[in-house]
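The chain contents come next:
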Amino acid sequence: MSTTASPTTLDTSGLKELLDNGSPVRVIDVRTPGEFEAVHIPGSVNLPLDVLRAQDNLTVRHDEPIVLACASGARAEQARNLLESSGATQLRVLSGGVSRWEQDGGTVERGSNVWPMERQVRLTAGLLVLTGVLSSIAFEPLKWIAGFVGGGLTFAALSNTCAMSKVLALLPHNRPKKATDPQKALPTLTDRR
């Protein structure tokens, strides 16, 4: 694998080089099916992070490079940490995720217009804070909604997890009808070609 940013990351130019050279790289997109359907790197396979977390005894039986992608890199980094223990030896995270890939001129395939999860979280958190503050005019204890959301966002940043995104991922628009069947996608990650 091309070395660009660090031993665990790969930037847009590094991934373009691997793909253009016909390298046997596997690009695994760990975003929700809705986010994947909205926009993804051609040839990538959708294997959501929550599906990876639910796998017991996941074993990677190949030594081909795996590049993990998400919206910005945070979920892909969580997937990398998870997959290290499964025998994968050549794991890299796409630095800046699909967003940076597209900004840097990488080609993408587009489908439905589902917002990225990070944007959905910002909207939901903002609405909860606004509702809490405005509602507290009529009933003061509702101000604590804003405090609860602030505490949740602080915890999410410190722990690099996000309970709100897990809840939002369950909504119908984040689970399109044409979603990848995890049992069909897992061999792309684990098995030899």
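Scoring rules and cut-offs
- All chains use their own residue numbering, which begins from 1 and follows the written sequence.
- Reporting of local features is limited, given that this is a predicted model, to residues whose pLDDT is at least 70; pairs of side-chain atoms are given and counted only at 80 or more, and all residues count toward the totals for whole chains, interfaces and linings.
- Water and hydrogen atoms were dropped before computing side-chain values, which therefore reflect all heavy atoms in the structure.
- We call a residue buried when its accessible area falls under 20% of the maximum for its residue type, exposed when it is over 50%, and partly exposed in between, using a 1.4 Å probe and counting protein chains only.
- Numbered from the N terminus, helices here are DSSP runs of H or I no shorter than four residues, and strands are runs of E no shorter than two.
- In this description, strands pair whenever DSSP reports at least two bridges between them.
- The contact criterion used throughout is that any non-hydrogen atoms of two residues lie within 4.5 Å.
- Angles run from 0 to 180 degrees between N-to-C directions of axes, and those axes are lines fitted to C-alpha atoms, restricted for helices to the stretch in contact.
- In this tally, Lys and Arg are treated as positive and Asp and Glu as negative; His is ignored, and so are the chain termini.
- Here, a salt bridge means any side-chain nitrogen of Lys or Arg that lies within 4 Å of a carboxyl oxygen of Asp or Glu.
- Under the rule applied, a polar contact is a pair of N or O atoms within 3.5 Å (in protein, one hydrogen donor and one hydrogen acceptor; residues adjacent in sequence only if both atoms are side-chain atoms).
- Any helix carries an expected span of 1.5 Å times its number of residues minus one.
- Throughout, the arc means that of the directions going from the helix axis to the C-beta atoms.

## Overview of the pairing of strand β2 (residues 26-29)
- By the alternation rule, side chains of β2 split into Arg26 and Ile28 and Val27 and Asp29, which are all buried.
- Examined bridge by bridge, β2 and strand β5 (residues 66-69) share four bridges and lie parallel to one another. Among the inter-strand pairings, valine 27 is bridged to a residue of β5, identified as valine 67.
- Here two bridges tie β2 to strand β4 (residues 45-46), and the two strands are oriented parallel to one another. Paired with isoleucine 28 across the bridge in β4 is valine 45.

## Here's the deal with the sheet that holds strand β6 (residues 91-94)
- Within the open sheet, the five strands sit side by side as β1-β6-β5-β2-β4. Their pairing is parallel. The outermost strands of the open sheet, each flanked by one partner alone, are β1 (9-10) and β4.
- The pairing of β5 with β6 spans three bridges and is parallel. Across the sheet, leucine 68 pairs through a bridge with valine 93, a residue of β6.
- The sheet strands contacting helix α4 (residues 74-84) are β5 and β6, and the helix crosses β6 at an angle near 175 degrees.

## Some words on the side chain of arginine 92
- Tracing the backbone through its elements, the reader meets arginine 92 in strand β6.
- Although arginine 92 is buried, it forms no salt bridge, and the closest oppositely charged side chain is aspartate 11 at an N-O distance of 7.5 Å.
- Side-chain polar atoms of arginine 92 contact the backbone oxygen of threonine 9, separated by 2.8 Å.

## Looking at the side chain of glutamine 120
- Looking at where glutamine 120 falls in the secondary structure, it is placed in helix α6 (residues 117-135).
- For glutamine 120, a relative accessible area of 6% gives the class buried.
- Excluding its chain neighbours within four sequence positions, the residues that come into contact with glutamine 120 are Val114, Trp115, Leu168, His173 and Asn174.

## Considerations on helix α7 (residues 144-159)
- In this model α7 runs 22 Å from its N-terminal to its C-terminal C-alpha over 16 residues, within 8% of the 22 Å that 1.5 Å per residue would give.
- The complete set of buried residues in α7 reads Ala146, Val149 and Ala156. The buried residues of α7 all sit within an arc of 85 degrees when viewed along its axis, so they share a single face. Facing away from the buried side of α7 by over 90 degrees, the exposed positions are Trp144, Phe148, Phe155 and Leu158.
- In this structure, the buried residues of α7 make contact with α6.
- The positive-phi residue at the C-terminal boundary of α7 is asparagine 160, with phi of around 55 degrees.

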